[in-house]
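Each chain is listed here by its residues.
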Amino acid sequence: MKTKTTILLLITLLTWSCNGKFDKISDDKFIGLWEIKGADVTEGIQIKIQRENGKLIGRVYKLNDNKYVKLFVDSNEVFVAGIERKSNYQFKLTENKVGKTLFSLYGQKTSQEFEVQFIDDNTIGLALESSSPVQSTRIYKKVK
């Protein structure tokens, strides 16, 4: 009897402590102006994410001073090619590479996929498959 009570208490405690953490997050939270942080070449680029034809797309709003960005990226160019839901609180974000036209000429990948999770209402963590988005140093910070 003690074991059943202890197990029930542990399950209740676990459920209560996780309450709200895994609730479904609306993909509308992505809509807005975001600045890239923690990325070498794309640091400081601002991306405006909005819904286009039912799909979340991010276009370049403001460039940074990186010479490769200035050479290969245009304002209003699609930078975030799409955002898809993976679970109630996790998403997959596809980001076009800087110089994607050049990469495509040589048969290389032109985009990179990231696991994405909201760290808070104004911060999105991006990570590669084996990493945790919440602990990532590469983030999108909401400007507006």
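Structure: above.
Residues numbered from 1 in each chain as written. Predicted model: local features only at pLDDT ≥ 70, side-chain atom pairs only at ≥ 80, totals over all residues. Heavy atoms only, no water.

S.K.: Hey, could you run me through the overall build of the protein in this one?
M.R.: Check the secondary structure of the protein and you find 3 helices and 8 strands. Helices (α) and strands (β) of the protein occur, in sequence order from the N terminus, as α-β-β-β-α-β-β-α-β-β-β. When burial is assessed residue by residue, the protein has 35% of its 144 residues classed as buried. Residue pairs at least 24 apart in sequence account for 37% of intrachain contacts in the protein once pairs closer than 6 positions are excluded. Carbon together with sulfur atoms contributes 53% to the accessible area of the protein, which is approximately 9,400 Å² in total. (Helix = DSSP H or I, 4+ residues; strand = E, 2+ residues; numbered from the N terminus. Buried < 20%, exposed > 50% of the residue type's maximum accessible area, 1.4 Å probe, protein only. Contact = heavy atoms within 4.5 Å. Areas by Shrake-Rupley, 256 points an atom, 1.4 Å probe, with all protein chains shown as cover.)

S.K.: Quick question: what am I supposed to make of the nonpolar core here?
M.R.: As a rule of thumb, soluble globular proteins bury nonpolar side chains together. Phe30 and Tyr140 are the most contacted members of the largest nonpolar core, which has 25 residues in total. At the level of secondary structure, the elements contributing two or more residues to this core comprise strand 1 (32–37), strand 2 (46–52), strand 3 (55–62), strand 4 (78–85), strand 5 (90–96), strand 6 (111–120) and strand 7 (123–127). (Core = buried A, V, L, I, M, F, W, Y, C linked by side-chain atoms within 4.5 Å.)

S.K.: What am I meant to see in the pairing of strand 3 here?
M.R.: Pairing analysis gives 7 bridges linking strand 2 to strand 3, with the strands arranged antiparallel. Each residue of the ladder has a partner; that of Lys48, found in strand 3, is Arg59. As consecutive antiparallel partners, strand 2 and strand 3 are separated by 2 residues, and within that stretch Asn53 has a phi angle of approximately 55°, a positive value. Bridging between strand 3 and strand 4 involves 2 bridges; their strand directions are antiparallel. Looking across to strand 4, one finds that Gly58 is bridged to Val80. (Pairing = 2+ DSSP bridges.)

S.K.: Mind showing me how you'd approach a nonpolar patch on the surface here?
M.R.: A grouping of Val41, Tyr68, Leu71, Phe72, Leu102, Leu105 and Tyr106 is seen on the molecular surface, where their side chains present a nonpolar patch of about 750 Å² in accessible area. Those elements giving two or more residues to the nonpolar patch turn out to be helix 2 (67–72) and helix 3 (100–105). Mapping Leu102 onto the fold places it in helix 3. (Patch = residues over 30% accessible without salt bridge, like charges linked within 9 Å, V, L, I, M, F, W, Y side chains within 5 Å. Salt bridge = Lys/Arg side-chain N within 4 Å of Asp/Glu carboxyl O.)

S.K.: Which parts of the structure should I look at to understand the pattern of salt bridges?
M.R.: Think of it this way: side chains of opposite charge can pair up when their charged atoms draw near. For the structure on display, the rule yields 10 salt bridges. Residue Arg51 pairs with Asp28 through a salt bridge whose shortest N-O separation is 2.6 Å. Here Arg51 is found in strand 2, whereas its partner Asp28 is found in the loop between helix 1 (2–17) and strand 1, with 23 residues between them in sequence. Residue class for Arg51 comes out partly exposed when judged on its relative accessible area of 36%. If you follow the salt bridges from partner to partner, you end up with Asp27, Asp28 and Arg51 in one network.

S.K.: Could you clarify how one ought to interpret the sheet that holds strand 4 in this entry?
M.R.: Strands in a sheet are paired, the pairing made by backbone hydrogen bonds, and the direction either parallel or antiparallel. A barrel is described by the order of its strands in space; here 8 strands give the closed sequence 1-2-3-4-5-6-7-8, paired in antiparallel fashion. Here the strands of the sheet are splayed against their neighbours by 30° on average, with no regard to which way each runs. (Axes fitted to C-alpha atoms, helices over the stretch in contact; angles between N-to-C directions.)

S.K.: Can you help me understand the packing of aromatic side chains in this one?
M.R.: How two aromatic rings sit relative to each other is given by the distance of their centres and the angle of their planes. On inspection of all chains with the given rule, the structure shows 3 aromatic pairs. Considering the side-chain rings of Phe30 and Phe118, the 4.8 Å spacing of their centres and the 55° angle between planes classify their relative orientation as tilted. One end of the pair, Phe30, is in the loop between helix 1 and strand 1; the other, Phe118, is in strand 6, with 88 residues separating them in the sequence. An identical accessibility class is assigned to Phe30 and Phe118; each is buried. One residue, Lys29, lies across the ring of Phe118, its end atom 4.8 Å from the ring centre. (Phe/Tyr/Trp six-rings, centres within 6.5 Å; stacked < 30°, edge-to-face > 60°. Lys NZ or Arg CZ within 6 Å of the ring centre and 35° of its normal.)

S.K.: Where do I start with unusual backbone geometry in this structure?
M.R.: Keep in mind that most residues, glycine aside, have a negative phi and that most peptide bonds are trans. The residue Asn53 is not glycine, and still its phi comes out positive at about 55°. Mapped onto the elements, Asn53 comes out in the loop between strand 2 and strand 3. You can call Asn53 exposed: its relative accessible area is 84%.

From the geometry alone we can't say anything about function, so treat these as descriptive.
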